[in-house]
Amino acid sequence: MSVLGLTATEEEIYRHFLRHPDTSPGDIHLLLRSDRHTTAQALARLRDLRLLQGDDQRAWATEPDTAVARLAEERLENLHREMRNLTSTRPILEALRQERAPQEAWGGPAPGIERLEDLRHVRSRIDDLSFFAHSEVMAAEPYTALSPENISYARPLDLRCLRRGVRIRNLVRRVALSDRDTVAYLRELTSHGARIRVADDFSELILIYDRSTAMVPVDPKDTSRGALCARESGLVENIITLFERLWDAAEDFSDLVDPADRPAAELTGAQREALHRMCTVNKDESGARTMGVSLRTYRRHIADVMQLLGAENRAQAALMARERGWV
């Protein structure tokens, strides 16, 4: 029960009272052959968690169904609190930035711009930015084809972002569609919710993370010279504007590689309503009750929608449905 937040002593005491109700709490340390002080602390916490009821003379354990549910709820609440604390790092970042010496004191690049000349450092920075991205990744990549090594490197980064609900927009050159492995990988990304567009020709290599950090090559004609990582808001906004201009002029990848006469997936009225309920209610029971159908029927509608979308889970289905304008 450690996964639920109980110590070994607390679990041992709880299990003992399940097997032997009405044991005197004052004697439990003797029965378990444990330290009196440690046992007293464990008893106090079990009472605080309402896993142990009674008084100093007689006590009994709360039913397992209730106990586990109560522990799980408290554990989830603590985890959510920790996650909120971890994502609220901006004040820490700003305080650390204020501690940094002025750029001119050490001859570094302009404020808000980092120059990465070692390709290992470039790749490491891309790994970090992809790992910590939480809303959107935009990429314009003027390659003619992706090598198996490129695909092997990019796949875990891209799929991890998509699984976490991060929106990916990727712009590629039309010439890349002549490479079978590249097209197969781009198909895989779109099946997981990525949006990909194709332009006839462009030379800009752009990576943008969460609309706050952008990476561009030091020399667009020779990417081996390294990259510039920009966080200065005005510069990042200009790079975003350039990306959006390229994106708006491009064509949708699926329209180019899929048969033109393929019928578009359509939702029935019930499926559309079930999709809407899935995105707005917390529990299937509530969605089914609102629709006036059985829980089994409601879940079947959700499964049908996920199959139409090619989604692996509900979070991905919701994202893909929004991309298609279904919700």
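From a predicted model like this one, the values you see are computed outputs, not experimental measurements. (Residues numbered from 1 in each chain as written. Predicted model: local features only at pLDDT ≥ 70, side-chain atom pairs only at ≥ 80, totals over all residues. Heavy atoms only, no water.)

A.B. asks: Help me understand the confidence of the model for the protein chain in this model?
C.D. replies: Low-pLDDT portions of the prediction should not be read for the details of their coordinates. A residue-level look at the protein chain finds 85% of positions with pLDDT of 70 or above and a mean pLDDT of 81. Counting contacts from residues 103–110, a segment whose pLDDT is below 50, to residues more than four positions away or on other chains yields six contacts. Note that residues 259–263 has pLDDT below 50 and, in this model, zero contacts with residues that lie over four places away or in other chains. (pLDDT = per-residue confidence, 0-100. Contact = heavy atoms within 4.5 Å.)

A.B. asks: Any chance you could explain the packing of helix α13 (residues 284–291) against helix α14 (residues 295–309) here in plain terms?
C.D. replies: Angle between the axes and distance between the axes: these two values describe a pair of packed helices. α14 packs onto α13 with a crossing angle of 100 degrees between their chain directions and a minimal axis gap of 9 Å. Regarding the angle of α13 to α14, the classification is roughly perpendicular. Judged by residue contacts, D284, E285, G287, A288 and M291 of α13 engage L295, Y298, R299 and H301 from α14. Looking at the contact of α13 with α14, its residues break down into four nonpolar, two polar and three charged. (Axes fitted to C-alpha atoms, helices over the stretch in contact; angles between N-to-C directions. Helix = DSSP H or I, 4+ residues; strand = E, 2+ residues; numbered from the N terminus. Parallel < 35°, antiparallel > 145°, perpendicular 65-115°, else oblique. Nonpolar A, V, L, I, M, F, W, Y, C, P; charged D, E, K, R; others polar.)

A.B. asks: Is there a simple way to think about the environment of A274 in this case?
C.D. replies: On the secondary structure map, A274 appears in helix α12 (residues 269–280). Its relative accessible area of 0% is what places A274 among the buried residues. Between the C-alpha atoms of A274 and T290, which are 16 residues apart in sequence, the distance is 9.6 Å. (Buried < 20%, exposed > 50% of the residue type's maximum accessible area, 1.4 Å probe, protein only.)

A.B. asks: How should I be thinking about the packing of α12 against α14 in this particular structure?
C.D. replies: Between α12 and α14, the least distance of the axes is 9 Å, while the angle of their chain directions is 95 degrees. As summarised for this structure, α12 and α14 are arranged roughly perpendicular, according to the angle between their axes. In contact with A270, Q271, A274, L275, R277 and M278 of α12, α14 contributes Y298, H301, I302, D304, V305 and L308.

A.B. asks: Hey, could you run me through the sheet that holds strand β8 (residues 213–217) in this one?
C.D. replies: Strand-to-strand pairing in sheets goes through backbone hydrogen bonds, with the strands running parallel or antiparallel. Taken together, the eight strands give an open sheet; going across it, the order is β3-β9-β8-β7-β4-β5-β6-β10, and neighbouring strands pair in mixed fashion. The outermost strands of the open sheet, each flanked by one partner alone, are β3 (113–116) and β10 (251–252). In this sheet, strand β9 (residues 227–230) lies alongside β8 in antiparallel orientation, the contact comprising four bridges. Across the sheet, V216 pairs through a bridge with L228, a residue of β9. Of the strands in this sheet, β3, β4 (136–141), β5 (167–173), β6 (195–199), β7 (206–209), β8 and β9 touch helix α10 (residues 233–248), which is tilted by about 65 degrees from β5. (Pairing = 2+ DSSP bridges.)

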